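Coordinate inspection notes
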Amino acid sequence: MNGIDDIIKKDGMDILLSEHHKNTKRDIQHGTMSVRRHTINVARHSVLFCKKLGISCDRRALVRGALLHDYFQYDWHDRDHANIFRLHGIHHPGIALRNAEKEFRLSEVEKDIIKKHMWPLTVVPPSCREAWIVSMADKYCSLMETVRLHGKHYRRHQNR
């Protein structure tokens, strides 16, 4: 266990223990990465970016928003969902936000993170630094997962 994992557990344990978040293990996000692992990767990199760059922020909101940013709860690769949600990249932030609001009490910062993490596809840019950070971490992690260039920290935690 390292400091970043401790932070994620401290600030997001209720999310990590929720049945719906646990179920995201079964859905693939990018490459061979599960949605659950992807959201944890994004949370880790968001915290890491803040630490390395000396950015102050609402760490709890940062972690929680990152863990919930892809809380859409369907396999977007599935033919049925592909037909319904042809523009998954545009629609899933709103779906994730609605699902998260049903299960968790969210701050305005957490809502902004979830709703705007796909900027510029979502047109309206993030309105807080936490949402910008998660958006950038999401893009970085998505690229690394898609081209399968994840480093040892990805492989070490992949099966959680």
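Residues numbered from 1 in each chain as written. Predicted model: local features only at pLDDT ≥ 70, side-chain atom pairs only at ≥ 80, totals over all residues. Heavy atoms only, no water.

Helix and strand counts for the protein come out as 9 helices and 2 strands. In sequence order, the secondary structure elements of the protein are arranged as α-α-β-β-α-α-α-α-α-α-α. Here the protein holds 160 residues, and 49% of them are scored as buried. At a minimum sequence separation of 6, the contacts of the protein that also span at least 24 residues come to 63%. If you sum the accessible surface of the protein, you get close to 8,300 Å²; carbon and sulfur atoms cover 56% of it. (Helix = DSSP H or I, 4+ residues; strand = E, 2+ residues; numbered from the N terminus. Buried < 20%, exposed > 50% of the residue type's maximum accessible area, 1.4 Å probe, protein only. Contact = heavy atoms within 4.5 Å. Areas by Shrake-Rupley, 256 points an atom, 1.4 Å probe, with all protein chains shown as cover.)

Right, let's get into the pattern of salt bridges. Enumeration over the complete set of coordinates arrives at 8 salt bridges. Put simply, Glu-101 and Lys-111 hold a salt bridge, and the shortest N to O gap is 3.8 Å. Separated by 10 residues along the polypeptide, Glu-101 in helix H6 (residues 88-103) and Lys-111 in helix H7 (residues 108-116) bring together distant segments of the chain. Residues Asp-112 and Lys-116 are paired through a salt bridge, measuring 2.7 Å at the closest nitrogen-oxygen approach. Here the residue Asp-112 and the residue Lys-116 both occupy positions in helix H7, the gap between them amounting to 4 residues, near one helical turn. On the basis of relative accessibility, which here comes to 8%, the residue Asp-112 falls in the buried class. Salt bridges linked by common partners bring Asp-14, Arg-64 and Glu-110 together as one network. (Salt bridge = Lys/Arg side-chain N within 4 Å of Asp/Glu carboxyl O.)

It is worth spelling out helix H4 (residues 59-68) at this point. Note on helix geometry: an α-helix contains 3.6 residues per turn, so any two residues three or four positions apart are oriented the same way. When you tally the buried positions in H4, you get 8 out of 10 residues, the bulk of the element. Within H4 the residues assigned to the buried category are Ala-61, Leu-62, Val-63, Arg-64, Gly-65, Ala-66, Leu-67 and Leu-68.

Let us now look at the packing of H4 against H7. At their nearest, the axes of H4 and H7 sit 8 Å apart, and the two run at 35° to each other. Crossing hand, H4 versus H7: right-handed. Contacts from Arg-60, Ala-61, Leu-62, Arg-64, Gly-65, Ala-66 and Leu-68 of H4 reach H7 at Val-109, Glu-110, Ile-113 and Ile-114. (Axes fitted to C-alpha atoms, helices over the stretch in contact; angles between N-to-C directions. Left-handed = near helix turned anticlockwise from the far one by under 90°.)

Turning next to the nonpolar core. Counting 29 residues, the largest nonpolar core has Ile-8, Leu-67, Leu-68, Leu-106 and Ile-114 as its most contacted members. Put simply, the parts of the chain that give this core at least two residues each are helix H1 (3-17), helix H3 (35-53), H4, H6, H7 and helix H8 (129-146). (Core = buried A, V, L, I, M, F, W, Y, C linked by side-chain atoms within 4.5 Å.)

On to the environment of Leu-97, then. Mapped onto the fold, Leu-97 is located in helix H6. Note: C-alpha distance between Leu-97 and Lys-115 (18 residues apart in sequence) is 6.2 Å. Those residues in contact with Leu-97 that sit more than four places away from it in its chain are Leu-106, Lys-111, Ile-114 and Lys-115.

Where H7 meets H8, the axes come as close as 8 Å, and the angle between the chain directions of the two elements is 35°. Crossing of H7 against H8: the hand is right-handed. On H8, the residues touching Val-109, Asp-112, Ile-113 and Lys-116 of H7 are Glu-130, Ala-131, Val-134 and Ser-135. A breakdown of the residues in the contact of H7 with H8 according to their chemical character gives 4 nonpolar, 1 polar and 3 charged. (Nonpolar A, V, L, I, M, F, W, Y, C, P; charged D, E, K, R; others polar.)

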